[in-house]
Amino acid sequence: MDCNIDDNNHFNELGIIVNNIGRLLCCRHLGGRAIIVKSFARIHETNLKKQGLLPLTFANPSDYDKIKPTDKISIVGLKAFAPGKPLDCVITHENGSQETIKLNHSFNEQQIEWFKAGSALNRMKMLAAKK
């Protein structure tokens, strides 16, 4: 799973929100699925969920400093993805050593369905096709 990892994503100005949402949505179009940060603005987090991305926050914000540009990130436990249940992230360092950290999310059941379908629109299309 390709990820974008950033220090913070809480924005105060509309222009900053739009610019950063555009940058992070590029991650989706390049095959990325997760955005991991210390914090999100609520509107930004919701927009990412609707686009089928996985906005995650570090359970321990200092875990951000454990990740280096050459590391490989694996988010495990997605089959058991459920509201209120943190996900595990395995960081594989360039030297082969690994660390596991916890990532939090704020998904509800409906939003998890959006993620599984690839986006909120995809989920609505699937539901409409069943009628």
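Predicted model only: the values in this text are computed from it and were never measured.

S.K.: Would you mind showing me how to read the packing of aromatic side chains here?
M.R.: Scanning the model with the defined rule gives three aromatic pairs in all. Both rings, one in Phe 58 and one in Tyr 64, keep their centres 6.1 Å apart while their planes meet at 85°; by these two values the pair is edge-to-face. Classification of Phe 58 by relative accessible area gives buried; the value is 4%. Judged by its relative accessible area of 25%, Tyr 64 is partly exposed. Here Phe 81 and Phe 107 contribute two aromatic rings whose centre-to-centre distance is 5.1 Å and whose plane-to-plane angle is 65°, an arrangement assigned as edge-to-face. Of the two residues, Phe 81 is situated in the loop between strand S4 (72-76) and strand S5 (87-92) and Phe 107 in the loop between strand S6 (98-104) and helix H3 (109-117); the sequence distance between them amounts to 26 residues. What makes Phe 107 buried here is its relative accessible area of 3%. Members of the aromatic cluster, each reached through a chain of ring pairs, are Phe 81, Phe 107 and Phe 115. When the ring centre of Phe 107 is taken as origin, the NZ or CZ atom of Lys 49, which lies over that ring, is 4.9 Å away.

S.K.: Even after reading the chapter, I still don't get the pattern of salt bridges, so can you show me in this structure?
M.R.: Close approach of charged atoms lets side chains of opposite charge pair. For the structure on display, the rule yields three salt bridges. Glu 99 is the salt-bridge partner of Lys 66, the closest N and O atoms lying 3.8 Å from each other. Here the residue Lys 66 occupies a position in the loop between strand S3 (54-58) and S4, and Glu 99 occupies one in strand S6, the gap between them amounting to 33 residues. For Lys 66, a relative accessible area of 32% corresponds to the partly exposed category. Look at the salt bridges and you will find they share partners, linking Asp 63, Lys 66 and Glu 99 into a network.

S.K.: What is the right way to read the nonpolar core from this model?
M.R.: One broad trend across soluble globular proteins is that nonpolar side chains are buried collectively. In terms of nonpolar packing, the biggest core is built from 17 residues, with Ile 36, Leu 54, Leu 56, Ile 73, Ile 75, Phe 81 and Leu 103 touching the most fellow members. Secondary structure elements with two or more residues in this core: strand S2 (32-37), S3, S4, S5, S6 and H3. The contacts of Leu 56, once residues within four sequence positions are left out, are Ala 34, Ile 35, Ile 36, Val 37, Phe 40, Ile 75, Leu 87, Leu 103, Asn 104 and His 105. With five residues, the next largest nonpolar core counts Ile 35, Val 37, Phe 40 and Leu 53 among its residues.

S.K.: When you look at the confidence of the model for the chain in this model, what are you seeing that I'm missing?
M.R.: Keep in mind that low pLDDT regions are not for reading the predicted coordinates in detail. Per-residue pLDDT for the chain averages 84, and the proportion of residues at 70 or more is 79%. Low pLDDT (under 50) marks residues 10-18, which in the prediction has nine contacts with non-local residues, meaning those over four places away or in another chain.

Criteria and thresholds
- Residues numbered from 1 in each chain as written.
- Predicted model: local features only at pLDDT ≥ 70, side-chain atom pairs only at ≥ 80, totals over all residues.
- Heavy atoms only, no water.
- Phe/Tyr/Trp six-rings, centres within 6.5 Å; stacked < 30°, edge-to-face > 60°.
- Buried < 20%, exposed > 50% of the residue type's maximum accessible area, 1.4 Å probe, protein only.
- Helix = DSSP H or I, 4+ residues; strand = E, 2+ residues; numbered from the N terminus.
- Lys NZ or Arg CZ within 6 Å of the ring centre and 35° of its normal.
- Salt bridge = Lys/Arg side-chain N within 4 Å of Asp/Glu carboxyl O.
- Core = buried A, V, L, I, M, F, W, Y, C linked by side-chain atoms within 4.5 Å.
- Contact = heavy atoms within 4.5 Å.
- pLDDT = per-residue confidence, 0-100.

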